[in-house]
Structure formats: structure tokens, C-alpha cells
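Per-entry structural report
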Amino acid sequence: MKIIVPVKRVVDAYVKVHVKADESGVETDNVKMVINPFCEIALEEAIRLKEAGVASEILAISVGPSNCQEQLRTCLALGADRALHIENENTLQPLAIAKALYEVVKRETPSLVILGKQSIDGDNNQTGQMLAALSGMPQGTFASKVSIEGQEVHVTREIDGGLQKVALTLPALITADLRLNEPRYVSLPNMMKAKRKPIESLTTEELGIDTSPRLTTVKVSNPPEREAGEIINTIPELVEKLNAAGVL
Amino acid sequence: MSILLIVEHNNQVIKTSTTHALSAAKILSEKTGDDIIALVSGENCASVANAVANTENIEKVFHADCSALAHHLPENVAPLITNIVTDNDIRYILAASSTMGKNVLPRVAASLDVAQISDVTEIVDTNTFVRPIYAGNALETVTSADLIKVLTVRASSFEAAPLNGGSAVIEKQPDVSDQGISRFISEDLVQSDRPELTSAKVVISGGRGLKSGENFKILESLADKLGGAVGASRAAVDAGYVSNDMQVGQTGKIVSPDLYIAAGISGAIQHLAGMKDSKIIVAINIDPEAPIFNIADYGLVADLFEAVPELESTLG
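Model, not experiment: these values are computed from the prediction.

**Structural notes on empty space enclosed by the protein**
Scanning all chains against the criterion turns up four cavities of 30 Å³ or more. For the largest cavity, the calculated volume is near 120 Å³. Asp-12, Ala-13 and Ile-120 of chain A together with Tyr-134 and Ala-135 of chain B are the residues nearest the centre of the largest cavity, which is lined by 13 residues in total. Here the residues of the lining of the largest cavity are counted per class, giving eight nonpolar, three polar and two charged.

Encoded structure:
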């Protein structure tokens, strides 16, 4: 079984991002960039399926400028068999990314596509579902458990009211949620070995897709700031303040 | 021209998130002059369709009722929505950014070859929307070039609309067939008499500091005293103290109650993303260096196992 794992290069989750003074975006120069945490979880799930003898090949893909090859190399070091960089000088929007991935899905015919449920920069939570629609695959989003059962994959999903379990016929698409697994760390020897592995490359032009953005960012601004609060020393004092604030 | 509001329900009652999405639809309706059509799809959900028809500001209710739609499987719901959109003059498709909205709407957007704008917190005008990015550390204002705009809206950013005062027409939709590529197996839903997290006026949340699921009882007791809901940080859910539906944060539930009490929660960026729009934030933590104190209105450096019960008894 072949599994495709698209991954995204994002600002590290622990970095405090700053909005640019001209409100054109968020400052990302000289900021630590990593594989999106949910994409790491997606890749880990694919690797576990391979270790369990269920999957035979993992293809990691990233869409964007050349620096995302860094993250693809980490994917190879973690256990992906192949890595494909789909090049475009811009960071594309979810619909365009889904279209690029769809072209690859058509060529590679995977049984499973596993993605992170959302990227922690855009927080869109769309790409997986869009790719599923384009490729006519069923989708198991926000997965906290995945098991292959014959020609189906059973996915337990985290939903607002608790958990839901669905059965999807293969080929299927899954988006990984936080508790699906705990990703492994990349080892230095594997990272060194990965430096010598090839990364395949295609451009969005070669794939023949329309990458023009549909959404225009008018501005990026700071959220409303909360004023500093006070330290209270006793419970009665706290209750007094809360009563005064009218929230009790 | 119309706005299609996707109603979320369990075939019996309308979910609270939809009442907030309805407020957003009303704002859009006022700005565009478009009317609001509500879609109620499910199985044996006529009572929901009737309740929606009795809601003011709804022009029409499209009621689709068949077994293929029983569990809102996106593979079956998305084609229903795209057919409705192409057969009617729909310019906006709107749902709350609940797990249902997040599951279904992008599939609809891609089928229509349009973008989606997720988790809208403000509707500026007919084509300008604000949404949080980077765990709410920045706000992005966007416009869309598409003729059909697909939006999910953040429930906590809009009021809950009243569910009365209306008399809409109900139009029964033809049955849809099961696409046959997905199947509902089972559901494990949490039953609670407490208010829903995303619309509660008071939320008491616990983190790793609670040390066990059993200990959450002290928060539940306080929540019941205040008529509030109980939430949790990712750490508490990951540790197995409580179920996932209680997680407040960037990738869990977003809440904005009048009062948010965080007990034993350190205050990671991702947790703040889920609660920093609360009116008043109280932090109780034994560690004076906990980052949560940076955004709390009132901070108590104390042992929560003493402070929380004391707070409850002081409230009388």
C-alpha cells in the first residue's frame, strides 16, 4: 500500500510571531521553521503503518518555494521512502495546494493520503478536505485513531461532542489530529543519511494547475491587547473584584 | 440572491453553534440585501426543519431527509449542498466553524472550485472578512475574488440569535443517494447537563495541575455553583484526565465567556488562542512564573486544591 503524506513548512509553534509594522504580514525572516506539528503526526502514522507491514511506500510531498526541501529532507530522515517537492515561488492557498496534490495523487494512485488537520500558521483546516473532494476520496478528518480493515480504513474522529467512528473505502484521505500518535524524533545519523537521498522535483506549471490566489490579504494586524492584570492575595478579595466586574 | 446557512443538529434539536452562525448570516444579509435560506439535512429531522422555519430572518428552509444523510457524512452532504447552490442563486455558504462545518464546507468549496474563508470573527462588508491566524496572534483581513463565498464563522464572535418569531416556507428536497464510500460505525458522545463550552457565560478550566481526572470534580463543583461549563487544556486531555471535547485551545474549542477561570494551567500560546477573548480571566496557579499570569486580569498564586474549594464556599 502506498501512502502519500503532504507536509507544510511553518514557523515553529513556540515562536512568538510578530506582525510587520506595515501590516503586510507576519515576520518570518530569520525565524525557526519546522514541519507543521500536525503534518509530523500524519507522517508518524504512515511510518507506523509501514512498520506494521501494512504500507510499503511512503511519499512525502511539500508545495512551495525551494526552502521546503529542508522539511522534505527531515521526512526522509524520519522514514519516508521518497520525497517530492512541488515548486512554486509563492506560498499557495489551500485550493491551489489541493489541486497540485490531486495531480500527484492521479499519477501515484496511493491507497491512503494522510495530512495534518490544519497548519498552525494559516489555521485554515481545509486542504485535506479539498483534496478529498477533488480526488473523489472519502475523508476521515480530525483522526485520533486509524486502522486498516481489509479494503477499508476505520477512523475514530474527535468531534465537538466526543468521538465518532467511520469506515472509509480505500483509497481514502485522513487528516491527523493531536492525539493520533506521538511523533518520533529524528536521529542525527538518519539526518546525515538523508542528506544524500534524492528529492524529486516538479513545478506547479508542469502540473498544469491554476495557482492564482482567490483570497487577497488586505492587511494583517495585531489582535486587541489585554491590559496587564493584578495579583490577588486572598479569595475574598477575588470574589469582591469579580462581583464588582459583574461576572458572578 | 441568497445566503445558504447550513444548520447543525442531531436530527432532534438545533445545535447552539448554529444560532451564532445565524447572527453572522443576519449581518451578511443586512449588508448584502440577500435573504437567508437554511438547509436542514439529516434523517427524521422534520422537527428541526420546523424549528428553523419558526426562526426569524429565515426566508426558506430546505429540508432534506433520508438515510444517506443520517450522520452528516460529508461525502453525501457535500453533493447535496453543491446541487442546491447551482440550482438556486446562492452567493454565500455559511456554517459555524464547528467540527461539522470544518468537515463539510471545504469539501463543498473545492467541488465548486472556490476558496473558503475559515473561522471568520468579523464581517466587515459584503466581501471583507477578518480571521485569526497563527493561533490568534495575528488577525488577517481578506477579500475573495470568487462569486460564491464559502465561510465558516467562529461562534464565540457572534451573538446567539433567538429561535422564534419566524414563519419560513419549508421546501422538501429530493432524497440523495449514498455515495457508498463512507459509512457511520458508532458515536461516543458526552452527555452533560452543563452549558456548552462554546456558549457558556462562565468556564472553569483545568490543566496538568489537576493531576487526575478524579480531581476535576472540584472544578465541576465550582462550575455548577456558577452555572458554568468545564474545560481543559491540551495537557489534561493528553494525560487522559478528561475527554477531548473539553479541550480549549487553538485546535480545540474557542470560548469567550464573561468569566474564565484557569486552574493549574500554565498558559501556552495554543491554550490562550482558545480563551483570550474572555471578558475576565482569572488564573490560579502555584507557579508565579506561569505565563498565564501575563494575560490574566486577576491572578492568584496558590494551590488550586485549596483555592478552588475556598472560592466555591466563599460564593455561598
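**A short note on the packing of helix H3 (residues 74-87) of chain B against helix H4 (residues 99-111) of chain B**
Helices that pack against each other are described as a pair by the angle of their axes relative to one another and the distance between those axes. All names here are of chain B. Close contact between H3 and H4 brings their axes to 9 Å; oriented N to C, the two are set at 50 degrees. For the element pair H3 / H4, the angle class is oblique. Where H3 crosses over H4, the handedness of that crossing is right-handed. Each of Pro-74, Glu-75, Val-77, Ala-78, Ile-81 and Thr-82 in H3 lies in contact with H4, whose residues at this interface are Asn-103, Val-104, Arg-107, Val-108 and Ser-111. Classifying every residue of the contact of H3 with H4 gives six nonpolar, three polar and two charged.

**Looking at the interface of chain A and chain B**
Where interface size is given, it is often the accessible area lost as the parts come together that is meant. In this assembly, 76 residues from chain A lie in contact with 81 residues from chain B. Counting the surface lost from both chain A and chain B, the interface buries some 6600 Å², and carbon and sulfur atoms represent 55% of this. Connecting chain A to chain B are six salt bridges. For Asp-238 of chain B, the salt bridge is made with Arg-179 of chain A, and the minimal N-O distance between the two is 2.8 Å. Between the two partners, chain A and chain B, sit 46 residue pairs in polar contact (both at pLDDT 80 or more). Among the elements that take part in the side of chain A that touches chain B, strand S9 (residues 162-169) of chain A stands out by supplying eight residues, more than any other. Across the side of chain A that touches chain B, the residue classes break down as 38 nonpolar, 22 polar and 16 charged. Where S9 of chain A lies against strand S11 (residues 182-189) of chain B, seven bridges are found, and the strand directions are antiparallel.

**Some remarks on the sheet that holds strand S12 (residues 215-221) of chain A**
If you walk across this open sheet you meet the four strands as S12(A)-S8(B)-S7(B)-S6(B), and the pairing is antiparallel. Of all the strands in the sheet, the pair left with one neighbour each is S12 of chain A together with strand S6 (122-125) of chain B. The mean angle between the axes of side-by-side strands here comes to 30 degrees, regardless of whether they run parallel or antiparallel. Relative to strand S7 (residues 128-133) of chain B, S6 of chain B runs antiparallel, the two being bridged by three bridges. Within S7 of chain B, the residue paired with Ile-123 of chain B across the bridge is Phe-129 of chain B. Against the sheet, helix H1 (residues 16-32) of chain B engages S6 and S7 of chain B, with an angle of about 0 degrees to S6 of chain B.

Rules used throughout
- Residues numbered from 1 in each chain as written.
- Chains lettered and ligands numbered in written order.
- Predicted model: local features only at pLDDT ≥ 70, side-chain atom pairs only at ≥ 80, totals over all residues.
- Heavy atoms only, no water.
- 1 Å grid on protein atoms, 1.4 Å probe; cavity = no way out; pocket = protein on both sides within 12 Å on 5 of 7 lines; lining within 4 Å.
- Points joined across faces, edges and corners; volume = space filled by probe spheres on them.
- Nonpolar A, V, L, I, M, F, W, Y, C, P; charged D, E, K, R; others polar.
- Axes fitted to C-alpha atoms, helices over the stretch in contact; angles between N-to-C directions.
- Helix = DSSP H or I, 4+ residues; strand = E, 2+ residues; numbered from the N terminus.
- Parallel < 35°, antiparallel > 145°, perpendicular 65-115°, else oblique.
- Left-handed = near helix turned anticlockwise from the far one by under 90°.
- Contact = heavy atoms within 4.5 Å.
- Buried area = accessible area lost by both parts, 1.4 Å probe.
- Salt bridge = Lys/Arg side-chain N within 4 Å of Asp/Glu carboxyl O.
- Polar contact = N/O pair within 3.5 Å; in protein donor to acceptor, adjacent residues only side chain to side chain.
- Pairing = 2+ DSSP bridges.

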